[in-house]
Amino acid sequence: LFVDLQVIFTVLTVIVLIWYLFDKSAWHFLQIILGITMIIIGYNNKIIYNRPKFAWVYYITGAVLIIFDILLLLGV
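Remember, it's a predicted structure, so these values are computed and weren't measured experimentally. (Residues numbered from 1 in each chain as written. Predicted model: local features only at pLDDT ≥ 70, side-chain atom pairs only at ≥ 80, totals over all residues. Heavy atoms only, no water.)

Q: Just to check I follow, could you spell out the overall build of the protein for this structure?
A: Counting secondary structure elements, the protein contains three helices and zero strands. Secondary structure elements in the protein, listed N-terminal to C-terminal, are α-α-α. For the C-alpha atoms alone, the extent of the protein along its principal axes is close to 40 × 25 × 15 Å. If you take every contact in the protein between residues at least 6 apart in sequence, the share linking residues at least 24 apart comes to 52%. Per element, the accessible surface of the protein, about 5200 Å² overall, is 78% carbon and sulfur. (Helix = DSSP H or I, 4+ residues; strand = E, 2+ residues; numbered from the N terminus. Contact = heavy atoms within 4.5 Å. Areas by Shrake-Rupley, 256 points an atom, 1.4 Å probe, with all protein chains shown as cover.)

Q: Help me understand the packing of aromatic side chains, please; the structure alone is not making it clear to me.
A: By convention here, two paired aromatic rings are described through the distance between centres and the angle between planes. Per the counting criterion, the structure on display carries five aromatic pairs. Consider the rings of Tyr 20 and Trp 27, whose centres lie 5.4 Å apart with planes at 50°: the pair is tilted. Residue Trp 27 is classed as partly exposed on the basis of its relative accessible area of 33%. Ring centres 5.3 Å apart and planes at 85° place the aromatic pair Phe 54 and Tyr 58 in the edge-to-face group. Taken as a pair, Phe 54 and Tyr 58 lie in helix H3 (residues 52–74) at a separation of four residues, close to a single helical turn. Residue Tyr 58 is classed as partly exposed on the basis of its relative accessible area of 21%. (Phe/Tyr/Trp six-rings, centres within 6.5 Å; stacked < 30°, edge-to-face > 60°. Buried < 20%, exposed > 50% of the residue type's maximum accessible area, 1.4 Å probe, protein only.)

Q: Explain unusual backbone geometry to me, please; I cannot follow it from the model alone.
A: Outside of glycine, negative phi angles account for most residues, and trans bonds account for most peptide bonds. Its identity is not glycine, yet Asn 50 carries a phi of approximately 55°, on the positive side. Within the element layout of this structure, Asn 50 appears in the loop between helix H2 (27–47) and H3.

Q: Please explain the environment of Leu 73 as it appears in this structure.
A: Mapped onto the elements, Leu 73 comes out in helix H3. Separated by 45 residues in sequence, Leu 73 and His 28 place their C-alpha atoms 7.8 Å apart.

Q: I'm lost on the side chain of Asp 69 in this one. Help?
A: Among the secondary structure elements, Asp 69 is positioned in helix H3. Of the side chains with opposite charge, Lys 24 comes closest to the buried, unpaired Asp 69, at an N-O distance of 15 Å. Discounting residues that sit within four places of it in the chain, Asp 69 has contacts with His 28, Gln 31 and Ile 32. (Lys, Arg positive; Asp, Glu negative; His and termini not counted. Salt bridge = Lys/Arg side-chain N within 4 Å of Asp/Glu carboxyl O.)

Laid out in structure tokens, this is it:
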């Protein structure tokens, strides 16, 4: 299930990245999708690929992207 989610969110990230190249207002949506993708990749690294130490890099990067975007949306 999570490998399928990783593929779906990776494709969504590429689509939103192309959308962002033409319309700069898609920045927040790109950060949220990319953050979720990174968290799913981290989970897959930990559970499926048995690389639990490197999974934390993806978890932290995804969480920082999402938190940064929420703070930008709040105007902080």
